[in-house]
Amino acid sequence: MKDNTPRPVFGRFLKFWRGVHQLSQEDLADRLNSSPRHISRLENGNSRPSEAMVLDIARALSLGRRDLTHLLIAAGFAPREERVDFNAPELKWLRKALLMNLRALDPFPASVIDSSTNILMVNRGWVRFYSRIVSAEALTSVTNFYDFIFSHSGAGNIVSDWPDTLSAILMSIQQTALFTGDETALNTIERLQAYPSAPADWRQRAARTEPMASFRVQLDIEGELKRFFSVGTMVGALGPTAFASEPQLSIVTLYPEDEAYDFGDSFDNDLEHPLLFY
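What comes next is a walk through the structure. (Residues numbered from 1 in each chain as written. Predicted model: local features only at pLDDT ≥ 70, side-chain atom pairs only at ≥ 80, totals over all residues. Heavy atoms only, no water.)

1. Focus on the packing of aromatic side chains
On inspection of all chains with the given rule, the structure shows 10 aromatic pairs. Plain terms: the ring middles of phenylalanine 108 and tyrosine 255 are 5.1 Å apart, the flat faces sit at 55° to each other, and that makes the pair tilted. Taken together, the residues phenylalanine 108 in the loop between α6 (92-105) and β1 (110-113) and tyrosine 255 in strand β5 (residues 249-256) connect sequence positions 147 residues apart. Of the residues examined, phenylalanine 108 reaches a relative accessible area of 29% and is grouped as partly exposed. Assessed through its relative accessible area of 30%, tyrosine 255 is described here as partly exposed. Ring pairing ties together the aromatic residues Trp126, Phe129, Tyr130, Phe148, Phe228 and Tyr261, which thus form one cluster. (Phe/Tyr/Trp six-rings, centres within 6.5 Å; stacked < 30°, edge-to-face > 60°. Helix = DSSP H or I, 4+ residues; strand = E, 2+ residues; numbered from the N terminus. Buried < 20%, exposed > 50% of the residue type's maximum accessible area, 1.4 Å probe, protein only.)

This is how it looks when you write it as C-alpha coordinates:
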(Lines give C-alpha, C1' and ligand atoms only; values in the text may rest on other atoms or scores of the structure.)
Protein backbone atom coordinates (compact mmCIF):
# COMPACT_ATOMS: atom_id res chain seq x y z
CA MET A 1 0.00 0.00 0.00
CA LYS A 2 1.23 3.48 -0.89
CA ASP A 3 2.26 5.56 2.10
CA ASN A 4 0.33 8.87 1.89
CA THR A 5 1.27 10.03 5.39
CA PRO A 6 2.12 13.76 5.30
CA ARG A 7 5.80 14.33 6.01
CA PRO A 8 7.80 17.44 6.89
CA VAL A 9 9.92 18.94 4.12
CA PHE A 10 13.16 17.40 5.37
CA GLY A 11 11.47 14.01 5.72
CA ARG A 12 10.25 14.18 2.12
CA PHE A 13 13.75 14.98 0.88
CA LEU A 14 15.34 12.23 2.96
CA LYS A 15 12.84 9.59 1.82
CA PHE A 16 13.23 10.71 -1.79
CA TRP A 17 17.03 10.41 -1.78
CA ARG A 18 16.91 7.04 -0.03
CA GLY A 19 14.71 5.91 -2.87
CA VAL A 20 17.04 7.29 -5.51
CA HIS A 21 19.92 5.28 -4.03
CA GLN A 22 17.67 2.29 -3.27
CA LEU A 23 18.57 2.31 0.41
CA SER A 24 16.39 1.09 3.23
CA GLN A 25 16.29 2.95 6.52
CA GLU A 26 18.51 0.20 7.88
CA ASP A 27 21.04 0.67 5.05
CA LEU A 28 21.25 4.43 5.59
CA ALA A 29 21.46 4.03 9.35
CA ASP A 30 24.38 1.67 8.88
CA ARG A 31 26.22 4.20 6.70
CA LEU A 32 25.64 6.90 9.31
CA ASN A 33 26.46 4.74 12.33
CA SER A 34 22.95 5.54 13.52
CA SER A 35 19.77 3.52 14.10
CA PRO A 36 16.85 2.75 11.74
CA ARG A 37 14.53 4.14 14.40
CA HIS A 38 16.30 7.52 14.26
CA ILE A 39 16.11 7.61 10.45
CA SER A 40 12.38 6.84 10.73
CA ARG A 41 11.90 9.66 13.24
CA LEU A 42 13.74 12.08 10.93
CA GLU A 43 11.49 11.13 8.04
CA ASN A 44 8.22 11.44 9.94
CA GLY A 45 9.22 14.69 11.65
CA ASN A 46 9.47 13.38 15.22
CA SER A 47 13.17 14.32 15.27
CA ARG A 48 14.98 17.32 13.83
CA PRO A 49 18.46 16.73 12.41
CA SER A 50 21.46 18.74 13.51
CA GLU A 51 23.44 20.53 10.81
CA ALA A 52 26.22 17.98 11.28
CA MET A 53 23.71 15.16 10.71
CA VAL A 54 22.48 16.80 7.48
CA LEU A 55 26.07 17.03 6.23
CA ASP A 56 26.70 13.40 7.18
CA ILE A 57 23.56 12.33 5.29
CA ALA A 58 24.65 14.33 2.24
CA ARG A 59 28.04 12.62 2.29
CA ALA A 60 26.48 9.18 2.79
CA LEU A 61 24.23 9.77 -0.21
CA SER A 62 26.95 11.47 -2.31
CA LEU A 63 24.76 14.53 -2.83
CA GLY A 64 26.05 17.35 -5.01
CA ARG A 65 26.06 21.03 -4.11
CA ARG A 66 22.51 21.68 -5.37
CA ASP A 67 21.01 18.78 -3.44
CA LEU A 68 23.01 19.53 -0.29
CA THR A 69 21.65 23.08 -0.45
CA HIS A 70 18.07 21.83 -0.66
CA LEU A 71 18.62 19.37 2.19
CA LEU A 72 20.11 22.08 4.45
CA ILE A 73 17.26 24.50 3.75
CA ALA A 74 14.68 21.76 4.28
CA ALA A 75 16.20 21.13 7.71
CA GLY A 76 16.15 24.85 8.58
CA PHE A 77 19.82 25.67 7.97
CA ALA A 78 21.39 28.25 5.68
CA PRO A 79 22.98 26.93 2.47
CA ARG A 80 26.73 26.77 2.08
CA GLU A 81 27.91 28.44 -1.10
CA GLU A 82 31.51 28.72 -2.23
CA ARG A 83 32.17 31.77 -4.37
CA VAL A 84 33.24 31.04 -7.93
CA ASP A 85 35.63 33.28 -9.88
CA PHE A 86 33.74 34.54 -12.92
CA ASN A 87 37.05 35.01 -14.75
CA ALA A 88 38.26 31.46 -14.11
CA PRO A 89 39.40 29.62 -17.28
CA GLU A 90 36.72 26.93 -16.88
CA LEU A 91 33.99 29.60 -17.18
CA LYS A 92 35.19 30.84 -20.57
CA TRP A 93 32.09 29.29 -22.20
CA LEU A 94 29.80 31.21 -19.82
CA ARG A 95 31.53 34.53 -20.48
CA LYS A 96 31.24 33.92 -24.22
CA ALA A 97 27.52 33.11 -23.94
CA LEU A 98 26.85 36.21 -21.82
CA LEU A 99 28.77 38.38 -24.26
CA MET A 100 26.57 37.10 -27.09
CA ASN A 101 23.53 37.83 -24.92
CA LEU A 102 24.65 41.41 -24.25
CA ARG A 103 25.27 42.02 -27.96
CA ALA A 104 21.83 40.64 -28.79
CA LEU A 105 20.26 43.08 -26.31
CA ASP A 106 21.74 46.16 -28.03
CA PRO A 107 20.58 48.91 -28.25
CA PHE A 108 18.85 48.31 -24.88
CA PRO A 109 21.32 49.13 -22.06
CA ALA A 110 22.36 45.90 -20.31
CA SER A 111 24.98 44.73 -17.83
CA VAL A 112 25.97 41.46 -16.13
CA ILE A 113 26.27 41.65 -12.32
CA ASP A 114 27.26 39.09 -9.69
CA SER A 115 25.71 38.34 -6.28
CA SER A 116 27.53 41.36 -4.78
CA THR A 117 26.24 43.45 -7.73
CA ASN A 118 29.75 43.96 -9.05
CA ILE A 119 29.40 44.83 -12.73
CA LEU A 120 31.22 42.21 -14.80
CA MET A 121 30.23 43.09 -18.36
CA VAL A 122 28.30 45.82 -20.16
CA ASN A 123 27.02 46.29 -23.70
CA ARG A 124 27.30 49.27 -26.01
CA GLY A 125 23.76 50.34 -25.22
CA TRP A 126 24.70 50.61 -21.53
CA VAL A 127 27.73 52.80 -22.23
CA ARG A 128 25.82 55.04 -24.62
CA PHE A 129 22.79 55.44 -22.31
CA TYR A 130 24.68 56.23 -19.10
CA SER A 131 27.06 58.55 -20.93
CA ARG A 132 24.08 60.93 -20.98
CA ILE A 133 24.09 60.97 -17.17
CA VAL A 134 27.71 60.92 -16.01
CA SER A 135 31.01 61.95 -17.54
CA ALA A 136 33.04 59.42 -19.50
CA GLU A 137 35.69 59.46 -16.76
CA ALA A 138 33.13 58.81 -13.99
CA LEU A 139 31.45 56.07 -16.03
CA THR A 140 34.79 54.33 -16.51
CA SER A 141 35.16 54.02 -12.74
CA VAL A 142 31.71 52.43 -12.22
CA THR A 143 32.21 48.88 -10.96
CA ASN A 144 29.22 48.13 -8.69
CA PHE A 145 25.53 48.38 -9.59
CA TYR A 146 24.29 49.26 -6.08
CA ASP A 147 26.94 51.93 -5.59
CA PHE A 148 25.91 53.38 -8.94
CA ILE A 149 22.26 53.44 -7.86
CA PHE A 150 22.94 54.92 -4.40
CA SER A 151 25.26 57.65 -5.70
CA HIS A 152 23.86 61.12 -6.43
CA SER A 153 26.52 61.44 -9.11
CA GLY A 154 25.61 58.08 -10.64
CA ALA A 155 22.36 56.44 -11.75
CA GLY A 156 20.59 57.32 -8.51
CA ASN A 157 19.43 60.70 -9.66
CA ILE A 158 17.27 59.13 -12.36
CA VAL A 159 15.49 56.45 -10.29
CA SER A 160 11.79 57.06 -9.65
CA ASP A 161 10.67 56.72 -5.99
CA TRP A 162 14.35 56.70 -5.13
CA PRO A 163 14.01 56.46 -1.30
CA ASP A 164 11.63 53.49 -1.54
CA THR A 165 13.80 51.78 -4.15
CA LEU A 166 16.92 52.17 -2.01
CA SER A 167 15.00 50.95 1.05
CA ALA A 168 13.86 47.82 -0.79
CA ILE A 169 17.44 47.12 -1.86
CA LEU A 170 18.75 47.48 1.69
CA MET A 171 16.01 45.24 3.07
CA SER A 172 16.82 42.56 0.50
CA ILE A 173 20.47 42.55 1.58
CA GLN A 174 19.49 42.66 5.26
CA GLN A 175 17.31 39.58 4.93
CA THR A 176 20.11 37.74 3.14
CA ALA A 177 22.37 38.61 6.07
CA LEU A 178 19.76 37.45 8.59
CA PHE A 179 19.28 34.18 6.75
CA THR A 180 22.93 33.33 6.11
CA GLY A 181 24.97 35.46 8.52
CA ASP A 182 27.09 36.35 5.48
CA GLU A 183 29.77 38.91 6.35
CA THR A 184 29.78 40.22 2.77
CA ALA A 185 26.09 41.11 3.02
CA LEU A 186 26.61 42.82 6.39
CA ASN A 187 29.51 44.84 4.98
CA THR A 188 27.42 45.81 1.94
CA ILE A 189 24.63 47.17 4.17
CA GLU A 190 27.17 49.20 6.15
CA ARG A 191 28.70 50.60 2.96
CA LEU A 192 25.40 51.53 1.32
CA GLN A 193 23.96 53.06 4.50
CA ALA A 194 26.87 55.49 4.49
CA TYR A 195 25.57 57.16 1.31
CA PRO A 196 23.69 60.42 2.03
CA SER A 197 20.92 59.08 -0.22
CA ALA A 198 20.17 56.11 2.08
CA PRO A 199 16.92 56.91 3.98
CA ALA A 200 17.31 56.85 7.76
CA ASP A 201 13.96 55.06 7.99
CA TRP A 202 14.75 52.49 5.29
CA ARG A 203 13.59 49.58 7.46
CA GLN A 204 10.16 51.13 7.99
CA ARG A 205 9.88 52.16 4.32
CA ALA A 206 10.83 48.68 3.12
CA ALA A 207 8.33 47.07 5.48
CA ARG A 208 5.60 49.03 3.68
CA THR A 209 6.93 48.29 0.19
CA GLU A 210 6.49 44.95 -1.54
CA PRO A 211 9.54 43.99 -3.67
CA MET A 212 9.11 44.07 -7.43
CA ALA A 213 10.88 42.39 -10.30
CA SER A 214 11.76 45.78 -11.78
CA PHE A 215 11.87 49.48 -11.01
CA ARG A 216 11.44 52.58 -13.15
CA VAL A 217 14.08 55.13 -14.05
CA GLN A 218 13.44 58.43 -15.74
CA LEU A 219 15.77 60.67 -17.69
CA ASP A 220 15.48 64.10 -19.27
CA ILE A 221 16.51 63.60 -22.89
CA GLU A 222 16.64 66.76 -24.97
CA GLY A 223 14.12 68.47 -22.71
CA GLU A 224 11.66 65.57 -22.64
CA LEU A 225 11.19 63.20 -19.69
CA LYS A 226 11.62 59.58 -20.77
CA ARG A 227 10.77 56.58 -18.57
CA PHE A 228 12.32 53.12 -18.61
CA PHE A 229 11.88 49.80 -16.81
CA SER A 230 14.95 48.22 -15.21
CA VAL A 231 14.48 44.44 -15.37
CA GLY A 232 16.83 41.83 -13.88
CA THR A 233 17.09 38.31 -15.32
CA MET A 234 18.74 35.56 -13.27
CA VAL A 235 21.44 33.43 -14.87
CA GLY A 236 21.66 30.08 -13.07
CA ALA A 237 20.78 26.44 -12.81
CA LEU A 238 17.23 25.11 -12.93
CA GLY A 239 15.59 24.47 -9.60
CA PRO A 240 13.59 26.06 -6.77
CA THR A 241 14.31 29.67 -5.94
CA ALA A 242 15.96 28.38 -2.77
CA PHE A 243 18.93 27.39 -4.92
CA ALA A 244 21.01 29.80 -6.97
CA SER A 245 24.11 28.37 -8.62
CA GLU A 246 27.47 30.06 -8.30
CA PRO A 247 28.45 32.31 -9.84
CA GLN A 248 25.11 33.97 -9.06
CA LEU A 249 24.66 36.28 -12.03
CA SER A 250 21.96 38.60 -13.30
CA ILE A 251 21.52 40.54 -16.51
CA VAL A 252 20.02 43.96 -15.79
CA THR A 253 18.42 45.62 -18.82
CA LEU A 254 16.62 48.93 -19.40
CA TYR A 255 13.53 48.89 -21.62
CA PRO A 256 11.65 52.03 -22.70
CA GLU A 257 8.13 52.48 -21.34
CA ASP A 258 7.25 53.99 -24.73
CA GLU A 259 7.74 51.20 -27.25
CA ALA A 260 8.21 53.79 -29.98
CA TYR A 261 11.28 55.24 -28.28
CA ASP A 262 14.40 54.93 -30.44
CA PHE A 263 17.68 54.45 -28.58
CA GLY A 264 19.50 55.36 -31.77
CA ASP A 265 22.72 53.84 -33.01
CA SER A 266 24.47 52.26 -30.03
CA PHE A 267 27.22 50.81 -32.18
CA ASP A 268 29.37 53.95 -32.34
CA ASN A 269 33.00 53.00 -32.82
CA ASP A 270 34.16 55.49 -30.18
CA LEU A 271 32.27 53.85 -27.30
CA GLU A 272 34.74 52.65 -24.65
CA HIS A 273 34.50 51.17 -21.18
CA PRO A 274 36.78 48.71 -19.30
CA LEU A 275 33.86 46.22 -19.09
CA LEU A 276 32.81 46.56 -22.75
CA PHE A 277 34.43 43.57 -24.47
CA TYR A 278 33.34 43.93 -28.12
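Having put the structure on the table, let's press on.
2. Focus on the nonpolar core
Counting 42 residues, the largest nonpolar core has Trp126 and Phe228 as its most contacted members. Of all the elements in the fold, those that place two or more residues in this core are β2 (119-122), α7 (124-130), α9 (145-150), α10 (162-180), α11 (183-193), α12 (202-207), β3 (214-221) and β5. Ranked by residue count, the leading element in this core is α10, at seven residues. The contact partners of tryptophan 126, leaving out residues within four places of it in the chain, are Pro109, Ala110, Ser111, Ile119, Leu139, Val142, Phe148 and His273. (Core = buried A, V, L, I, M, F, W, Y, C linked by side-chain atoms within 4.5 Å. Contact = heavy atoms within 4.5 Å.)

3. Observations concerning helix α5 (residues 65-74)
Of all 10 residues that make up α5, seven are buried, and the element is covered over most of its length. Three or more residues of α5 are buried, namely Asp67, Leu68, Thr69, His70, Leu71, Leu72 and Ala74. Remark: glycine 76 follows α5 within two positions and exhibits a positive phi of approximately 95°.

4. Concerning the packing of helix α1 (residues 9-20) against helix α3 (residues 36-44)
Between α1 and α3, the shortest axis-to-axis distance is 6 Å and the interhelical angle comes to 125°. Overall, the two elements α1 and α3 adopt an arrangement that is oblique. From α1, Phe10, Gly11, Leu14, Lys15 and Arg18 reach across to α3, where they touch Ile39, Leu42 and Glu43. (Axes fitted to C-alpha atoms, helices over the stretch in contact; angles between N-to-C directions. Parallel < 35°, antiparallel > 145°, perpendicular 65-115°, else oblique.)

5. A few points about the environment of serine 172
Relative to the assigned elements, serine 172 resides in helix α10. Taking the C-alpha atoms as reference, serine 172 lies 9.7 Å from alanine 185; in sequence the two are 13 residues apart.

6. Overview of the packing of α1 against α5
Running from amino to carboxyl end, α1 crosses α5 at an angle of 145°, the nearest separation of the two axes being 8 Å. On the side of α1, the interface is formed by Val9, Phe10, Phe13 and Trp17, while α5 contributes Asp67, His70, Leu71 and Ala74. By residue class, the composition of the contact of α1 with α5 is six nonpolar, one polar and one charged. (Nonpolar A, V, L, I, M, F, W, Y, C, P; charged D, E, K, R; others polar.)

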